[in-house]
Amino acid sequence: MCQPAIYPGTFDPVTYGHIDIIKRAHEIFPEVIVAVAHNPHKKPLFSVEDRVKLLKKAVSDFKGVEVCDFDGLVVELARKRKAKVLIRGLRMLSDFEYEFQMALTNRKLAPDIETIFLMPHESYSYLSAKLLKETAVLGADLSSFVPDFVEAALKEKLPR
Ligand code: ADP
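A short tour of the structure in this document, coming up. All values reported here derive from a predicted model rather than from experimental measurement.

## A short note on the packing of helix α2 (residues 48-58) against helix α6 (residues 148-157)
For step 1, the next point in the chain: Look at α2 against α6: their axes get within 10 Å of each other, and the N-to-C directions meet at 155°. Here α2 lies roughly antiparallel to α6, going by the angle between them. Contact residues: α2 offers Asp50, Leu54, Lys57 and Ala58, while α6 offers Phe149, Val150, Ala153 and Lys157.
For step 2, the next point in the chain: Looking at side-chain class alone, the contact of α2 with α6 contains 5 nonpolar, no polar and 3 charged residues.

## Focus: the pairing of strand β4 (residues 85-89)
Consecutive side chains of a regular strand alternate in pointing toward one face of the sheet and then the other.
For step 1, the next point in the chain: Burial within β4 is extensive, with 5 of its 5 residues counted as buried.
For step 2, the next point in the chain: Here β4 shows a buried face lined by Val85, Ile87 and Gly89 and a second buried face lined by Leu86 and Arg88.
For step 3, the next point in the chain: Pairing geometry for strand β1 (residues 5-9) and β4, over 2 bridges, is parallel. Bridge assignment links Ala5 to a residue of β4, and that residue is Val85.
For step 4, the next point in the chain: The pairing of β4 with strand β5 (residues 114-118) spans 5 bridges and is parallel. By the bridge assignment, Ile87 is partnered in β5 with Ile116.
For step 5, the next point in the chain: A crossover links β4 with its parallel partner β5, the connecting element being helix α4 (residues 93-109), and its sense is right-handed.

## Re the site of the ligand
For step 1, the next point in the chain: Neighbouring the ligand are 18 residues; Tyr7, Thr10, Lys42, Gly89 and Leu127 lie closest to it.
For step 2, the next point in the chain: Gly89 places a polar main-chain atom, nitrogen or oxygen, 2.8 Å from an oxygen atom of the ligand.
For step 3, the next point in the chain: At 2.9 Å from a nitrogen atom of the ligand is found a main-chain nitrogen or oxygen belonging to Tyr124.
For step 4, the next point in the chain: Across the complex, the protein chains shield 92% of the 540 Å² of accessible surface that the ligand would expose by itself.
For step 5, the next point in the chain: Here the shell around the ligand is built from residues that sort into 8 nonpolar, 5 polar and 5 charged.

## Topic: the side chain of Asn39
For step 1, the next point in the chain: Considering the arrangement of structural elements, one finds Asn39 in the loop between β2 (32-37) and α2.
For step 2, the next point in the chain: Leave out the neighbours within four places in its chain, and Asn39 touches Thr10 and Pro44.

## A short note on the sheet that holds strand β3 (residues 65-70)
For step 1, the next point in the chain: Spatially, the 5 strands line up as an open sheet ordered β3-β2-β1-β4-β5, and their pairing is parallel. The open sheet has two free edges, formed respectively by β3 and β5, since each of these has just one partner strand. Mean inter-strand twist for the sheet, computed between neighbouring axes without regard to direction, equals 30°.
For step 2, the next point in the chain: Contacts from helix α1 (residues 16-28) reach β1, β2, β3, β4 and β5 within the one sheet, and its direction differs from that of β5 by about 120°.
For step 3, the next point in the chain: Against the sheet, α2 makes contact with β2 and β3, and its axis sits at roughly 155° relative to β2, the strand it touches most.

Reading guide: rules and limits
Residues numbered from 1 in each chain as written. Predicted model: local features only at pLDDT ≥ 70, side-chain atom pairs only at ≥ 80, totals over all residues. Heavy atoms only, no water. Axes fitted to C-alpha atoms, helices over the stretch in contact; angles between N-to-C directions. Helix = DSSP H or I, 4+ residues; strand = E, 2+ residues; numbered from the N terminus. Parallel < 35°, antiparallel > 145°, perpendicular 65-115°, else oblique. Contact = heavy atoms within 4.5 Å. Nonpolar A, V, L, I, M, F, W, Y, C, P; charged D, E, K, R; others polar. Buried < 20%, exposed > 50% of the residue type's maximum accessible area, 1.4 Å probe, protein only. Pairing = 2+ DSSP bridges. Right-handed = clockwise from strand over helix to strand, strands pointing away. Near = heavy atom within 4 Å. Polar contact = N/O pair within 3.5 Å; in protein donor to acceptor, adjacent residues only side chain to side chain. Areas by Shrake-Rupley, 256 points an atom, 1.4 Å probe, with all protein chains shown as cover.

Printed below as a string of structure tokens:
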């Protein structure tokens, strides 16, 4: 039976780094669910509806990739969707501690679900949605970081 893999995150907004990880996950798993966390405590710039909309546009060419939103524990979503694998991206050593803690917490909550880490292409290994937003405020050209429709959404959202 084909089981989906879940790639959870805040995706505020989706970047080429996230898209690179989705592509790599999709090469291994025929079905990938990109799950957008509501995460209100992170005070995202974009609403969850907008984050889902931008992601859907970004992956519209990938058959077998679904985008949804979720609130609560990712392992509960995984159980509901009968997924045994969570995908996370690892950029630098600085990601490791947080990702390691999260993976082990999820393993404690759901020992039957594994987290798999994928590394992006080197050119995206420094790219973060947080830094992207900081750069966008300063009016930088974002074309090597995000698709043009994400850049347009950022420019509309952020005052200059
Ligand atoms: P979080 O889920 O921690 O709120 P994000 O939505 O930004 O953060 O990221 C979701 C996942 O994608 C995380 O595993 C993060 O490490 C990974 N990720 C973010 N940006 C990149 C990138 N440029 N390259 C590879 N992985 C990334």
